[in-house]
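Residue-level structural notes
The residues making up each chain are set out below.
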Amino acid sequence: MALHLETAPYSDANFLNVATCSAEQKRILYDISSTSFSSYRAHSTDFYNVIKSYLGGAPLSDIVALSTQNISMDINIFRSLDINVITTLTVTNVQGLMGDQLQDLKLFENDTVIQTWVNMQTQSELDTLGVGLINSRTYPTTAQPATDNTATSASGTASPDSTTSPGTDSTPASTMSDVTISAFCAMYSNYSYTVAFLQTEVVSDEMKKMILPCVWKMALSSNVTSEVNLWFDVLLKNYLRFLTRNLISPIEVQSSSCQAFQKLVFYMGNNFTYNSTEFGPEDVYNTIRSYLSTGSGARCYNPSDPELNSTSWFFNYIGSFVKFIILNDLTSFISTSQAEVFWEDQANLELFNNSTIAVDVRNYYITQLFTVNPSFSLFKLSGVLLCSTDIPSAVYMSLNEANTMAILDMRNEFCNGIEDPQAFAVLASNIKTITEEIFVTLGGAASGLSNTQITSVPPTVLISSLSTLGSVTTWGQDQANIIIQSITSSGYQINSAAVLESLGTLVVGVPSALLEKIPASELLHASRNPAFVSSMLQAPELLQETFVTKIISVDTRLTEVVQNVPDALATKIPPSQLVFSEGSPNISVINKKSWTKDQATMFLGTLVESDFDTEQLSTSVLQGFTCTSVQKVPKTKIKQLIRACRPRTGRSKVELTEPQLTCMYNLIEEDLDQNFIDYPSDMLLYFRIQDVQESNCRSYFSALGAADFSVASSLLNKGQQLFSEARTCLGINGLSLSRDHLDVLGNMVCTLNSSYIQNSDPSILENLKACTDLSENQVAAMETLLLSGETQYGTVATWNQQTLEDLGILPLYFTINIWSTFTTTIRMQFLKGFVAKLRKENTQKTKLENLFKQISPATPPAEVCTAGSITQVTVSDPAFPFGYDLTQFDLCLDIPALKENLFTICSKVDDNDFQKIILKKLNKAYPSGVSEQQVQLLGSVSRVATHSDISNWNITTIDTLAALMKTEDGTWETAQSKEIITKYLQTSGNSLGSTELNIIGSNVCSLDLSTLTTITANSISDANFLNVATCSAEQKRILYDISSTSFSSYRAHSTDFYNVIKSYLGGAPLSDIVALSTQNISMDINIFRSLDINVITTLTVTNVQGLMGDQLQDLKLFENDTVIQTWVNMQTQSELDTLGVGLINSRTYPTTAQPATDNTATSASGTASPDSTTSPGTDSTPASTMSDVTISAFCAMYSNYSYTVAFLQTVCISPKEMKTNIQLSTSH
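Residues numbered from 1 in each chain as written. Predicted model: local features only at pLDDT ≥ 70, side-chain atom pairs only at ≥ 80, totals over all residues. Heavy atoms only, no water.

**What to know about the overall build of the chain**
Heads up, the rule is: Note on conventions: DSSP H or I runs of at least 4 residues are helices, E runs of at least 2 residues are strands, and numbering of each starts at the N terminus. Note on classification: 1.4 Å probe, protein chains only; a residue is buried when its accessible area is under 20% of the maximum for its type, exposed when over 50%, partly exposed between these limits. By definition in these notes, contact holds between two residues if any of their heavy atoms fall within 4.5 Å. Using the Shrake-Rupley algorithm and a 1.4 Å probe, accessible areas are obtained, with residue cover drawn only from the displayed protein chains.
The number of helices and strands found in the chain is 74 helices and zero strands. For the chain, the proportion of its 1228 residues judged to be buried stands at 54%. Counted over contacts in the chain with a minimum sequence separation of 6, partners at least 24 positions apart contribute 67%. Accessible surface, the chain as shown: approximately 51,500 Å² in total, 50% of it carbon and sulfur.

So this is what it looks like as structure tokens:
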């Protein structure tokens, strides 16, 4: 107790309100005040007036003394007295205390305190008061009087006729807080008395609320089952509904007997009604977890105790609260050896047959069950337990065909929508003859059929089963191809929209040539079927594009095109067609559709000219924001558009590139406010520190923490710059970041070095989960932190599969240092779900390759297959090829298995060396040439192909070309892509049309000049805009010439023309670029840097100012870029100053520029004005950015002998990078 008050100051103070003080506090305050006011005792009324506020702490003797002094105590003071004092006062005492206020006892007779005192007296004594008080008790007991020296203890015995029935049905709840529970409970300390009372007394609900805490410990301490049942089923039957959060808390329940705890779990799970907000089932489970986690092993299980030897342990001690259990809880409650007798218990099995239980918990149960008893019958599993993906495949293999069908029926009933490829494969393999009825029974498991099984099914059966087969959502591309090929080879015609729709999910296997033959008007009709469109979205990109192209052909008017093409397939509309020249577009229609950035850029300028609520624009539309598209938009609306791009809950991020973000900043730089969450998070990367008021720097960095720091060019070094500023703002010293620092910094943590990761608060791991990538040093630091055992994930000894699940994306980066701490079984189980998720998110192949290299266990050298032959069941495992090293993969994969499972194997193997083995065996399987059907299934395996491999492939159809060129399968080496495209073009009738250009994309740069010249203007105009960044100057020039012709009709509208031509401007001659500089296009910095270097160095300050427009400020932002730096150093400082962006010319030697001619962007002739300078490099030029300038273009500046000699004799340049490149220029 911390009350130490001096008497004198206390007596000089106002009277204190001590109503909320504890009994002990009241007693201390009373003792002090009694001493403080002792001089008033000679005058009873004065003493009462000064002491009454503190009488709640007075002992019985002082209160009895006051009863003789005619003080007329008011009812509130009487009710504030200690309950033990009140219950011990006689009728005479109370009559003396109350005096003229005695009648108030009747007025407040329903008050709990008054009612308690009244029921402690005999009716005859109460009658002497003459106020009409009635004793409502029916059971006589013995009172426990308070002693004189303390108001909170109880001892002694009252007179025989004194009774203690402590309540009636009319007691109001509002006075409950006035009664000290501990004092009140003293009356129920006697077991015999309490049992008798609870069996016979009828008390009010409010009294039940008071009594329950008094007897609760007694009930929980009972350790005889019959006695426990008496408490819960009889004595407390009408009381238990008043249980509180406190009474069911771990502290209250921890010392309960096992019998009482079991009964409590049953009651709270089956009989208690949770109708208040005070506590819920989750709180009860928290108590269960605390109780069962105490000690080692399964608490309350004793095989030698008849009352505690039940194997229904989970049912008894967790019960219906099992839905809250997590894997860590389950493994902490029991030891593996001790729990062996629990898994097969029928009550436990039925308990875990609950779909609300976490999947990993159910899977763990199944794993343990079959570990203990590998031959456990599947038919003893019920409901969702049968759906576990951890049921060993050997269990399914042991089934005969009849039992397989029975299990399939059970799975169809309970496991709808649950995918288990390995179970599907085993179950399907047990079926010998496939009929239409079998397909119905198989349902989704039909995707487990092998290619051989599907091929063996008569086409007539396949055709009659199309409605069933078309509802399966897990077909592999190879399976769908085989089914479609089988039915069409038998004469089945896919020649109408109705037939196409009937295929359902099998549409993914339809060749594009068949789709081309169906009338466009019929496809338009099919496009209005949501189920069909959903299936089409799973089809290859080529099929989707063909479908959309046919729909567009029905009515090429843009308004009709936008209306007709399904929302989710709008991305396949050629961007160049999205120029609305017929008036304002229908915003509501456009807003519902999915768009690419190039598409949205085309129409946003027109869209924003109309009146609409910018807040309602979709993220898909907003990604089209550019300085070009908003030139005619008022600043107010620009700010609204930028605000609409801010992060919003329940809405996907508006993906914006660096030039778009700098554009936004440049447009409103002079009108920035301090409400940083109203801007796109990534835009905040480009704020200057002077834009942020010092008092708001924390809120700025907090909002910035949501940004993707990888958006910013590495040249800008934004991570280091911004962190330096954040350190100053947040007062960060040293290498340790607190939890608060980390909360503010957010994603900025992704830019920090390993020292910060190792030395900061362990919650830094949560920040790292949001990073798009981690460096080797960051990974090493993260692992060091985890292995220290000082994180929320605990020590290595406590790690399990749940730990890996909780770590989110971080296991993708783990090395063997972490993986070696987990058993092979845990790694396998974790991979099943983790890898499937990674593949759905199109995780980079290199990351997946590294994951498998690090996680795979080391295997001893062997000359024969020891890891198990690779079969359809093996490859159906989501974790495949885990468990196989390179040698074992080679030894265990035979050619028939590869041919049978080529698609599945290729889609799951990411390691380059493994993939080379696949190609080697494939060449052996098809020595005379790999068919197009097989080539289409190679996926990323194709990227390790040699010239010899590719020469063995058949590539004649556009479907094969499209399958090989999928960007998600990785990039091609130039020689590889050239060979593949050339093989395709060698087939009669094949050409580089718009579809082909969309397919090959940036691989167009691998083609010869002669091939590029065959591309027509129409092909370019109907294609997506090509990425020609890796093309040579000559290739760019050819592609620009074609596109310039292709888009000539757009020239009348400068912004439209710029939007369609900008991808190809790297091949534009000087004259065309100069012409663009007069058309107010606001060229973004990336397009400017992509221009031919000879064109750039010849542009004047006026030209560049005209080109860049609102983006001019980016020249300063990127001033360290080699291209920008080269141009800057070609200008005089006076000219640069006219731009007003702070560019500084760092050259020291004036030379004569070599202007580019109009008819070629790569030649240089003529003479510039005398003040134009061409010193193309200075000491400040960073070597790291030299690669941004193509050597051939750079060298063009040194083609003039006289100029070059003069330059080399006099100009000071950077010592390494620039000299190296100039040496190359002059070597001939």
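From this point on, the discussion continues.
**With respect to the packing of helix H16 (residues 258-270) against helix H17 (residues 281-292)**
As a reminder of what qualifies: The angle between two axes is taken between their N-to-C directions and runs from 0 to 180 degrees, where each axis is a line fitted to C-alpha atoms and a helix contributes only its stretch in contact. Put simply, angles under 35 degrees are roughly parallel, angles over 145 are roughly antiparallel, angles from 65 to 115 are roughly perpendicular, and the rest are oblique. Throughout, a crossing is termed right-handed when the near helix is turned clockwise from the far one, and left-handed when it is turned anticlockwise from it by less than a right angle.
H17 packs onto H16 with a crossing angle of 155° between their chain directions and a minimal axis gap of 11 Å. If you check the angle between H16 and H17, you find them roughly antiparallel. Judged by the twist between their axes, the crossing of H16 over H17 is left-handed. Residue-level inspection shows Cys258, Phe261, Val265 and Met268 of H16 in contact with H17, the latter providing Val284, Ile288, Tyr291 and Leu292.

**Topic: helix H50 (residues 845-855)**
Within H50, eight of the 11 residues are buried, leaving the element largely enclosed by the surrounding structure. Lys845, Lys847, Leu848, Glu849, Leu851, Phe852, Gln854 and Ile855 are the residues of H50 that are buried. Close packing links the buried residues of H50 with helix H48 (816-819), helix H49 (824-840) and helix H55 (912-925).

**Some thoughts on the state of the cysteines**
For clarity, the threshold we go by: Note that a disulfide, as used here, is simply two cysteine sulfur atoms within 2.5 Å.
Tallied over the entire structure, the rule returns seven disulfides. Each sulfur in the disulfide pair Cys387 and Cys415 lies 1.9 Å from the other. Residues Cys387 and Cys415 are joined by a disulfide whose S-S torsion is about -85°; by sign, that bridge is left-handed. Of this pair, Cys387 sits in the loop between helix H21 (359-372) and helix H22 (393-397) while Cys415 is found in the loop between helix H23 (401-414) and helix H24 (421-429), placing the two residues 28 residues apart along the sequence. With a relative accessible area of 5%, Cys415 lands in the buried category.

**What to know about the pattern of salt bridges**
To be explicit about the condition: By definition, a salt bridge exists where a carboxyl oxygen of Asp or Glu is found within 4 Å of a side-chain nitrogen of Lys or Arg.
Following the criterion strictly, the structure yields 33 salt bridges and no others. Put simply, Arg839 and Asp910 hold a salt bridge, and the shortest N to O gap is 3.1 Å. Here the residue Arg839 occupies a position in helix H49, and Asp910 occupies one in the loop between helix H54 (902-908) and H55, the gap between them amounting to 71 residues. With relative accessibility at 23%, the residue Arg839 sits in the partly exposed group. With a relative accessible area of 6%, Asp910 lands in the buried category. Each of Glu615, Arg643, Arg646, Arg648 and Asp678 takes part in a single network of salt bridges with overlapping partners.

**Some details on the packing of aromatic side chains**
Applied cut-off: Pairing of aromatic rings covers Phe, Tyr and Trp, the last counted by its six-membered ring, and requires centre-to-centre distances within 6.5 Å; plane angles under 30 degrees mean stacked, over 60 mean edge-to-face, and any other angle means tilted. Here, a charge over a ring means that NZ of Lys or CZ of Arg falls within 6 Å of the ring centre while also lying within 35 degrees of the ring normal.
As enumerated under the stated definition, the model contains 42 aromatic pairs in all. With centroids separated by 5.5 Å and ring planes inclined at 35°, the aromatic side chains of Phe314 and Trp343 adopt a geometry described as tilted. Of this pair, Phe314 sits in helix H18 (residues 313-317) while Trp343 sits in the loop between helix H19 (327-333) and helix H20 (346-352), placing them 29 residues apart in sequence. You can call Phe314 buried: its relative accessible area is 0%. Three or more aromatic residues link up through ring pairs in this structure, and these residues are Phe261, Tyr291, Tyr301, Trp313, Phe314, Tyr317, Phe342, Trp343, Phe352, Tyr364 and Tyr365. A cation over an aromatic ring shows up here: Arg299 above the ring of Tyr291, its NZ or CZ 3.5 Å from the ring centre.

**Quick look at the environment of Leu838**
Here Leu838 shows up in helix H49. Separated by 26 residues in the primary sequence, Leu838 and Leu812 place their C-alpha atoms 8.8 Å from one another. Contacts of Leu838, omitting those with residues within four sequence positions, involve Ile809, Leu812, Thr843, Leu848 and Leu851.

**Considerations on helix H39 (residues 635-644)**
For the α-helix, the turn length of 3.6 residues means that residues three or four positions removed from each other point alike. So the rule is basically this: This arc is taken over the directions from the axis of the helix to the C-beta atoms.
What H39 keeps buried is the set Lys637, Ile638, Leu641, Ile642 and Ala644. Taken down its axis, H39 places every buried residue within 160° of arc, on the same side. Residues of H39 that are buried make contact with helix H38 (619-622) and helix H40 (658-668).

**Notes on the confidence of the model for the chain**
For clarity, the cut-off: Confidence scores per residue from the predictor, reported as pLDDT, run from 0 to 100.
Taken as a whole, the chain shows an average pLDDT of 88; of its residues, 88% reach a score of 70 or greater. Scored below 50 in pLDDT, residues 1-8 shows 11 contacts in the model against residues more than four places distant or in partner chains. Taken as a whole, residues 138-180 scores under 50 in pLDDT and shows 122 contacts with residues more than four places along the chain or in a different chain.

**Some remarks on unusual backbone geometry**
Phe880 connects to Pro881 through a cis peptide bond whose omega is 10°. Mapped onto the elements, Pro881 comes out in the loop between helix H51 (872-876) and helix H52 (886-892). Its identity is not glycine, yet Asn70 carries a phi of approximately 50°, on the positive side. Positive phi, normally seen in glycine, also occurs at Asn1080, with a value near 55°. Tracing the backbone shows Asn1080 in the loop between helix H65 (1070-1076) and helix H66 (1085-1090).

**A look at the side chain of Asp1121**
Where we set the bar: Distance and chemistry together define a polar contact, namely a pair of N or O atoms within 3.5 Å, with one atom able to donate a hydrogen and the other to accept it when in protein, and with adjacent residues in sequence counting only for side-chain atoms on both sides.
Along the chain, Asp1121 falls in the loop between helix H69 (1114-1117) and helix H70 (1122-1128). A residue is classified by how much of its surface remains accessible, and Asp1121, at 0% relative accessible area, is buried. A distance of 3.0 Å separates the side chain of Asp1121 from the side chain of Arg1089, its partner in a polar contact. Within the structure, Asp1121 has its side chain in polar contact with the backbone nitrogen of Val1123 (distance 3.1 Å).

**A word on the side chain of Lys845**
With respect to the helices, strands and loops of the structure, Lys845 is situated in helix H50. Side-chain polar atoms of Lys845 contact the side chain of Asn912, separated by 2.5 Å. Leaving out residues up to four positions away in the same chain, Lys845 has contacts with Asp910, Asn912, Gln915 and Ser940.

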